[in-house]
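# Descriptive structure summary
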Amino acid sequence: MDGRHRTAKAGRDGKRKRQLAGNGAESGAAGNGAAGNGAALHKPLGLLAELTHRCPLGCPYCSNPIALDPRGDELDTETWARVFTEAAALGVLQVHLSGGEPGARRDLIAITAAARAAGLYTNLITSAVGITAETLRKLADAGLDHVQISIQDSERASADHIAGYEGAFVRKRALAAEVVRLKIPLTVNAVMHRANIDRIGAMVDLALTLGASRVEIAHVQVERAAVEVEELRRRHHGKIVIDAVVPDYYARLPKPCVGGWGRRSLNVTPAGKVLPCHAAESIPGLEFWSVREHSLADIWANSPAFNAFRGTDWMQEPCRSCARREIDFGGCRCQAFALTGDAHATDPVCHLSPRHGEVGALAAVRTEAPYDYRRM
């Protein structure tokens, strides 16, 4: 990126930040009417755009659904552009371009440009495999604001083994260097588990070496690891932001999943279905509307799936009378269904749930098996 490009980008980014600041005050308001079920209707802030389920990696912990959308069912460029325009009008400030691997889309540059044209802050979530330096430069020219790269371990052999792709680690490091060279903010995503839990510090060191401004450590599994994260935050304060997600089975209170069902975010699948959260399709009986047949505003306000768990009227005890019912919103609906068979139940992570003890029992189960790689 030459000096003229940097100057132009700095001016554009400054204007963009002012736009976000202005829109944020409006979108943070209590709401803009009532949803189809009578509950307060808040404005969404974020859109997860799953551009494709295709991915060169096969990470065993991949959270994409079992039934993946085939390439022929993916939304075209024009439809994504319309979705972004409607999202911005609805109050959305940022779009996360995800997958699968977004780089599998030949129209990724056009999609990114469409998101920028709609006034959205654009974040690319990528495996880094399939994005070349030339493609990244074109994405930057199209208005890409931020990049997140998943790295499976700090050691090359282990990282490639977890990803199920030989050579992935080297390609991730190369793309990260190019992101930083283009002065695009970089986040490193690290999922920690038994195979790499002893290298949390090394993962943070790697993120610093790569020039990342933030590292997201997901699933800090044991108390020792949580203590280590706090020490790393103290040691690297002012150098890098370290976010850590503690697994629910170490908690007494549930997380407010996606900020509350149908309150702050929405997810569009590769085929166009709109979900209140990434895993919502795991709950049977929900009716999901598609952007092929409905506007995003109509879906946000009236979709049966979005209204299924909006507000508090759907809650059972102890949630219904709990003082935290509008703080954590009963926890995760998908997790409640997975553990109890009832999506209306209190998330068993909560210590007030009559089934809270089952969470600890499940967490104690240990099995050893070869990785089952996710392939399309």
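Shown above is the structure to which this text applies.
In this report, the structure presented in the accompanying data block is examined. (Residues numbered from 1 in each chain as written. Predicted model: local features only at pLDDT ≥ 70, side-chain atom pairs only at ≥ 80, totals over all residues. Heavy atoms only, no water.)

### A word on the packing of aromatic side chains
On inspection of all chains with the given rule, the structure shows 5 aromatic pairs. Between tyrosine 371 and tyrosine 373, the aromatic rings sit 6.0 Å apart at their centres with planes inclined by 75°, giving edge-to-face as the arrangement. Owing to a relative accessible area of 30%, tyrosine 371 belongs among the partly exposed residues under this scheme. Assessed through its relative accessible area of 25%, tyrosine 373 is described here as partly exposed. (Phe/Tyr/Trp six-rings, centres within 6.5 Å; stacked < 30°, edge-to-face > 60°. Buried < 20%, exposed > 50% of the residue type's maximum accessible area, 1.4 Å probe, protein only.)

### Concerning the nonpolar core
Counting residues in each nonpolar core, the largest one holds 65 residues, and the members touching the most others are Leu47, Trp80, Phe84, Leu136 and Ile149. The element that contributes the greatest number of residues to this core is helix α7 (residues 200-210), accounting for 6 residues. Setting aside its immediate chain neighbours within four residues, leucine 47 contacts Val83, Phe84, Ala87, Val92, Gln94, Val95, His96, Leu266 and Val268. Counting 15 residues, the second-largest nonpolar core is a separate cluster that includes Trp261, Trp314, Met315 and Ala343. (Core = buried A, V, L, I, M, F, W, Y, C linked by side-chain atoms within 4.5 Å. Helix = DSSP H or I, 4+ residues; strand = E, 2+ residues; numbered from the N terminus. Contact = heavy atoms within 4.5 Å.)

### What to know about the sheet that holds strand β7 (residues 241-245)
Read across the open sheet, the 9 strands follow the order β7-β6-β5-β4-β3-β2-β1-β8-β9; overall the sheet is mixed. Each edge of the open sheet carries a strand with a single partner, namely β7 and β9 (274-275). Pairing between strand β8 (residues 265-268) and β9: 2 bridges, direction antiparallel. In the sheet register, valine 268 faces β9, and the bridge partner there is valine 274. Running over the sheet, helix α2 (residues 77-90) touches β1 (46-50), β2 (94-98) and β8 and is turned about 170° from β1. (Pairing = 2+ DSSP bridges. Axes fitted to C-alpha atoms, helices over the stretch in contact; angles between N-to-C directions.)

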